[in-house]
Amino acid sequence: QNLGQRTKRILLCDEVDVFFSEDFYGNSYTPSTILQHDVITEFIGDVWKRRDNKSSLRIDRLKQLESYRRLESSFPRLHTMFDDFIASLLIDLISWE
């Protein structure tokens, strides 16, 4: 290649109108889903029943519940997210009053 010559380049952008639309530009993209299942409802109900016993509202204690074990066995690939789920649940429960 001749060092004295510069190659001209061009960048083609398809769907640029979508990128700059109100629905996309400046907004966050947060992929998520809603998970609905009887074992989730059961676990949340068990946590709710313990709302007056503040000492039982700890992640390690809630993980000992039978409903938590069923939750974990129903969604084995999601177990790494459960601590965050429980923590969020507890924050909501404590701030509910």
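Residues numbered from 1 in each chain as written. Predicted model: local features only at pLDDT ≥ 70, side-chain atom pairs only at ≥ 80, totals over all residues. Heavy atoms only, no water.

Please explain the packing of aromatic side chains as it appears in this structure.
Both the distance between ring centres and the angle between the ring planes are used here to describe each pair of aromatic rings. Scanning all chains against the criterion turns up three aromatic pairs. With centroids separated by 6.2 Å and ring planes inclined at 40°, the aromatic side chains of Phe 43 and Phe 85 adopt a geometry described as tilted. Pair noted here: Phe 43 is in helix H2 (residues 38–49) and Phe 85 is in helix H5 (residues 82–96), with a separation of 42 residues, a long-range link. A residue is classified by how much of its surface remains accessible, and Phe 43, at 0% relative accessible area, is buried. Assessed through its relative accessible area of 29%, Phe 85 is described here as partly exposed. Consider the rings of Tyr 68 and Phe 82, whose centres lie 5.9 Å apart with planes at 75°: the pair is edge-to-face. You can see Tyr 68 sitting in helix H4 (residues 66–74) and its partner Phe 82 sitting in helix H5, a full 14 residues away along the chain. There is no split in this pair, since Tyr 68 and Phe 82 are both buried. Every member of this aromatic cluster is reached through a ring pair, and the members are Phe 43, Tyr 68, Phe 82 and Phe 85. (Phe/Tyr/Trp six-rings, centres within 6.5 Å; stacked < 30°, edge-to-face > 60°. Helix = DSSP H or I, 4+ residues; strand = E, 2+ residues; numbered from the N terminus. Buried < 20%, exposed > 50% of the residue type's maximum accessible area, 1.4 Å probe, protein only.)

Which parts of the structure should I look at to understand the side chain of Ser 67?
With respect to the helices and strands, Ser 67 occurs in helix H4. Ser 67 sits in the buried class, given a relative accessible area of 1%. A distance of 2.6 Å separates the side chain of Ser 67 from the side chain of Asp 46, its partner in a polar contact. (Polar contact = N/O pair within 3.5 Å; in protein donor to acceptor, adjacent residues only side chain to side chain.)

What exactly am I supposed to notice about the side chain of Ser 56 here?
As for its placement among the helices and strands, Ser 56 is situated in the loop between H2 and helix H3 (59–62). Using a relative accessible area of 11% as the deciding quantity, one classes Ser 56 as buried. Discounting residues that sit within four places of it in the chain, Ser 56 has contacts with Arg 50, Arg 61 and Leu 62. (Contact = heavy atoms within 4.5 Å.)

What's the story with the pattern of salt bridges in this structure? I'm lost.
As a working rule, side chains carrying opposite charge can pair if their charged atoms are close by. Across all of its chains, the model carries six salt bridges by this definition. The shortest N-O distance in the salt bridge between Glu 66 and Arg 69 comes to 3.5 Å. Residue Glu 66 and its partner Arg 69 are both found in helix H4; the two are separated by three residues, about one turn of the helix. A relative accessible area of 42% means that Arg 69 is categorised as partly exposed. The closest approach of N and O atoms between Glu 66 and Arg 70, which form a salt bridge, is 3.5 Å. On the criterion of helical spacing, the pair formed by Glu 66 and Arg 70 is a turn pair, its members being four residues apart in helix H4. Classification of Glu 66 as partly exposed rests on a relative accessible area of 44%. Exposure remark for Arg 70: the relative accessible area of 31% places this residue in the partly exposed category. Overlapping salt bridges, with partners in common, bring together Glu 42, Glu 66, Arg 69 and Arg 70 in one network. (Salt bridge = Lys/Arg side-chain N within 4 Å of Asp/Glu carboxyl O.)

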